[in-house]
Amino acid sequence: MTGATIDHIVSLTVLLGAILLFVSLFNQTIQTAILYQSHRNLATKCSDLLDNMLLNPGSPLDSANTTFWGTTNSIPTTFGLQDPEFTQYALSPFSLMRLNYSSANPLYYPMTKMYYSNLTVGFGKSLLVPFNEVVNYSTVAGLLGINGTYGFSLTITPILTVSISRASDTPLNLIVSVTGNGYPLANANVSYCLVNVTGQAQYPSYNITSGTGVTNSQGQAFLSFSGFDGTNTSYAIIAYARSSGLVGAGDYEHIFYNNNYPIPYPVPLIADFSNGSVLLANSADFPYGGNNQTIAYNATFVLLAQDFTLREMPLSNRTGNISPGAYSNIVVPTNNTGILAITYNNSGIVLMPWGVSSMSFPVVFGANPLAKDWVATDTRLVTVGGVSYQAKLALWSLQGYQVVS
Amino acid sequence: MMRTIEVLLVIVIITGASIIASFFAFLPQPQQVSPINLRRLALTTLEMLDSDHDLSQTVFTALNDPSWGQLQTALSASLPPNIVYNLTVYDASTGGTQLYSMVNSISNAQSLGISSDVATYLVASSNATFNSTPEKIGEHGGGGTLYILNCSDSNGWWITGYTAQTLAQDLYNLLSPYFQVTIMVQNTTQLGQILNGTKISASPYENITSAVVVNTNGEAVPIPSGFYATAGYDTVHSSYAKYSFMLGNATNYYNWTWVSIVGYPLYYVSNTGLFPNNQNGWGIYGMMGVGASGLNAFLEGLNKSSYSYDDTWITNDSDHVPGLANVWLSSEASYYCNYYGIYPSPYQTATRALPVSILNKYNLTVTSYILQQVGTWLPGAFYKHVDPNSGAFSGAFLALGLARTPDIRLTALGLLCSYKPRLFPSQYGASGTSRLVVLQLGQVGGV
């Protein structure tokens, strides 16, 4: 009787121990499988969401773009970035302008008492959109139906890098280098537009020179401007490169200072998308923006044609003065992409893209994926205003994975 | 002791089960846990490379052409560094035993890794032409006859710059491929015949029932002399509104689609023999004014109501509704512009937009919007009459309440939007004109 009892106790103990061991073993496998499925589901969701953003133009929308959310001030009722005039993966350069960029701190302009979404890629190259006209992350997350369930970050970056450097100043010789992922693009067609300040009476004047070139086997095109003194002249050059369906843009500015103190410069601020209104502020009104000095300016708009040549388009009220604490207003009268070039005080040029693609501006929109448990990414190649971009979406769950703490 | 042995046996069984389960339940490779959608990436890469037709040009060049090298560089430059590719171009042939023969292949890796995906893209040579064969309306039974009023003994109005005959010819060219048979109604006598249910051609496909009747006379409508001129005359009100009522009745009875191409429908009746000395006030003879009562009577007839004279003006224009100054093609019409290759101006001016209230009043339903609705006004739409008793469709009405001069392409587009005949492309496999580009992508490295 005692032996049988001991037998039962031993066997029961061993059985319970074995069951616990196997349960934990199976539990580990099941946890891993559930995690795998969660991650795979996240990747599928990421792919679907990216297509959802890129393959519909959103609304409001109409054929004439009079109410299209990308070219007006209205908040979209459905979100999408596709260019309404195209199909497939062609994005609207204007819808992208209306996103609240997450890569830089917003800028406060005391004269309008408003904050501006800040997309600045260098001195005199910026896109500043007032907060009351940008579409912010939470709005988009709500429109996509993922508010509170998923977080995302959308990055749209140009595929080609078109960099311009000086080979010599007198005469001016420039080198345009075209690369993609580090690969030089040989035999790429380059079209360029040089804007240089030629002098100043009451307002500065400028000259525009256009031309073309072809890259060599190192992906470099040499542009020569005989008789042009690049040392004592302020100028900006915008270049477009095309090869085998890829299109990229780049620019270079030479700012000439003939004073030993910081010169204020005009800061273009978008005021109204629907009528193309742009405010020109005095940089002295911003921190570290230079001395309190009135700026004389002369603005022009160069339109980007389908063959990626730039053509000047006259503006009304193109010249004026901007005192500290005041601003001027000019209107870009078109829904085509181009570049607003503003020469000032015989000393420099600032540029603002009208449509992010005309200067190959990158766009980062959304939340920060750093320190998230698991981030799925997916990628598409797209065109924005004809320029080649890579669109990457990073997506993560905000609800955890349940199986791990 | 036996219990212990039994437990040990159970442990052996569970261990075996665990080993067997583990053998089948292996974990996926890291790349498969959170995969990039390589198929979409490949497709967007091909689309982007062909966005300015560069890819289409390259794949038709000789193999020693430098553009192949540029294509390879473009692929390397555009794809993420951890993606390897293989691009293969095939020639699509129609003759011989092999449908596709390989032309060239470029790659940046010997192997595409443990998993890969492909996208295909068909490109056409720039010197290729493609044909399409339209589906015939009515070929699956019911209707299929298009009557175009080309009456030589009637005049048109609100078709400034055209004659009914030139519009009829244009319409014939646009629409005849989509119908079983297209018949020009050459005079008002023939119009009277089809109103009587008599065929006017020798074509075996002519079918009066469920036909489409397009009135190319604009705001005027041809009227046959004889019975229709007599019975269609309202002697009490000295008006031919009753003729419009008879047209509405016939539209219902024969299940016609009556098409008004521009302006206020049925505003005049026209017969140069019947009204040789009457003009419409603007020097066009052979016309007799009916006014707004014509359309009201037509809708009454279409609704099988009893005739009552009603000369209430029911349309509206931009003077009262500013939005009618620029009315836009509906999204459906815009889509079918591309499908059928008919491209009228995307915006028009509506001066005779119909009110939404006619839908309830005359048991109509809009099945296709040709132009976008503006408030409670319909600048251009395809209406079907719904029998209130049976719920079946009986007769239809396409009205474009636009300002002159008419664009007959809008009429064609409106009918095609409503009937939606399919287009069957052909000659895509013509030798030397099509090449299939296959881009296979693989992922290297970890996730």
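Below, the structure is looked at part by part. (Residues numbered from 1 in each chain as written. Chains lettered and ligands numbered in written order. Predicted model: local features only at pLDDT ≥ 70, side-chain atom pairs only at ≥ 80, totals over all residues.)

1. Brief notes about the overall build of chain B
Then step 1. When helices and strands are counted, chain B shows 13 helices and 20 strands.
Then step 2. Burial analysis of chain B (447 residues in total) assigns 45% to the buried set.
Then step 3. A fraction of 72% describes how many contacts in chain B between residues 6 or more apart in sequence connect residues 24 or more apart. (Helix = DSSP H or I, 4+ residues; strand = E, 2+ residues; numbered from the N terminus. Buried ≥ 20, exposed ≤ 12 C-beta atoms within 10 Å, placed from the backbone. Contact = placed C-beta atoms within 7 Å.)

2. Looking at the overall build of chain A
Then step 1. Along its length, chain A carries 3 helices and 24 strands.
Then step 2. Relative to its full complement of 405 residues, chain A shows a buried share of 46%.
Then step 3. If you take every contact in chain A between residues at least 6 apart in sequence, the share linking residues at least 24 apart comes to 66%.

3. Looking at the nonpolar core
Then step 1. Formed by 135 residues in total, the largest nonpolar core has its most connected members in I237(A), A239(A) and L340(A).
Then step 2. Residues within four places of I237(A) in sequence aside, it is in contact with I164(A), L174(A), Y192(A), L194(A), D251(A) and Y252(A).
Then step 3. Counting 93 residues, the second-largest nonpolar core is a separate cluster that includes L149(B), Y240(B), A350(B) and Y383(B). (Core = buried A, V, L, I, M, F, W, Y, C linked by C-beta atoms within 7 Å.)

4. Description of the sheet that holds strand β14 (residues 266–272) of chain A
Each strand in a sheet pairs with another by means of backbone hydrogen bonds, the pair being arranged parallel or else antiparallel.
Residue and element names in this part refer to chain A.
Then step 1. Spatial ordering of the open sheet is given by β14-β15-β19, a layout of 3 strands whose pairing is antiparallel. Each of the sheet's edge strands pairs with one partner strand only, and the pair in question is β14 and β19 (327–331). Pairs of neighbouring strands in the sheet enclose a mean axial angle of 30°, with direction left out of account.
Then step 2. Here strand β15 (residues 277–282) pairs with β19 via 5 bridges, running antiparallel. Bridge pairing links A281 to Y327 in β19. (Pairing = 2+ DSSP bridges. Axes fitted to C-alpha atoms, helices over the stretch in contact; angles between N-to-C directions.)

5. Focus: the interface of chain A and chain B
Then step 1. In this complex, chain A contributes 42 residues to the contact, which on the side of chain B involves 46 residues.
Then step 2. Among the elements that line the side of chain A that touches chain B, the one with the most residues is helix α1 (residues 2–54) of chain A, at 17 residues.
Then step 3. Per-class residue counts for the side of chain A that touches chain B are 20 nonpolar, 17 polar and 5 charged. (Nonpolar A, V, L, I, M, F, W, Y, C, P; charged D, E, K, R; others polar.)

6. Details of the sheet that holds strand β17 (residues 380–386) of chain B
All names here are of chain B.
Then step 1. With mixed pairing, 7 strands are arranged side by side in an open sheet as β6-β5-β7-β9-β18-β17-β15. Edge positions in the sheet fall to β6 (181–185) and β15 (364–369), since each has one partner strand and no second. Across the sheet, the mean angle separating the axes of adjacent strands is 20° when strand polarity is ignored.
Then step 2. As judged from the 4 bridges shared by strand β7 (residues 212–215) and strand β9 (residues 257–260), these two strands associate in the parallel manner. Paired with N215 across the bridge in β9 is S260.
Then step 3. On the sheet, helix α9 (residues 241–253) packs against β9, β17 and β18 (393–400) and is oriented at approximately 125° with respect to β18.

7. A word on the environment of N173(A)
Residues and elements named next belong to chain A.
Then step 1. Within the secondary structure layout, N173 lies in strand β7 (residues 172–180).
Then step 2. Exposure remark for N173: the 17 C-beta atoms within 10 Å place this residue in the partly exposed category.
Then step 3. In this structure the C-alpha to C-alpha distance between N173 and G230, which are 57 residues apart in sequence, comes to 8.5 Å.
Then step 4. Other than its neighbours up to four places away in sequence, N173 contacts A167, S168, F222, L223 and S224.

8. Describing the environment of V118(B)
All names here are of chain B.
Then step 1. Structurally, V118 is set in strand β3 (residues 116–124).
Then step 2. For V118, a count of 15 C-beta atoms within 10 Å gives the class partly exposed.
Then step 3. Note: C-alpha distance between V118 and R39 (79 residues apart in sequence) is 5.3 Å.
Then step 4. Those residues in contact with V118 that lie beyond four places of it in its chain are R39, A42, V438, L439 and Q440.

9. Some details on helix α6 (residues 164–175) of chain B
For the α-helix, the turn length of 3.6 residues means that residues three or four positions removed from each other point alike.
All names here are of chain B.
Then step 1. Look at α6: 16 Å from first C-alpha to last across 12 residues, which is about the 16 Å you get at 1.5 Å a residue.
Then step 2. Turning to α6, its buried residues are A164, L167, A168, L171 and L175. Taken end-on, α6 shows its buried residues confined to a sector of 100°, consistent with a single buried face.
Then step 3. Taken together, the buried residues of α6 touch β5 (145–149), β6, β7 and α13 (408–419). (Expected span 1.5 Å × (residues − 1). Arc of directions from axis to C-beta.)

10. Looking at helix α10 (residues 293–302) of chain B
Residue and element names in this part refer to chain B.
Then step 1. Burial of α10 is extensive: 10 of the 10 residues sit out of reach of the surface.
Then step 2. The set of residues buried in α10 consists of S293, G294, L295, N296, A297, F298, L299, E300, G301 and L302.
Then step 3. Check the buried side of α10 and you find it contacts α9, α12 (357–361), β17 and β18.
Then step 4. Looking at the residues trailing α10, positive phi occurs at K304, about 60°.

11. Things to note about the pairing of strand β21 (residues 348–354) of chain A
Residues and elements named next belong to chain A.
Then step 1. Most of β21 is tucked away: 7 of the 7 residues are buried.
Then step 2. Of the two faces of β21, both are covered, the one formed by G348, V350, M352 and W354 as well as the one formed by I349, L351 and P353.
Then step 3. Of the strand pairs in this sheet, strand β20 (residues 338–344) and β21 are connected by 7 bridges, and their pairing is antiparallel. Following the sheet pairing, I342 is matched in β21 by V350.

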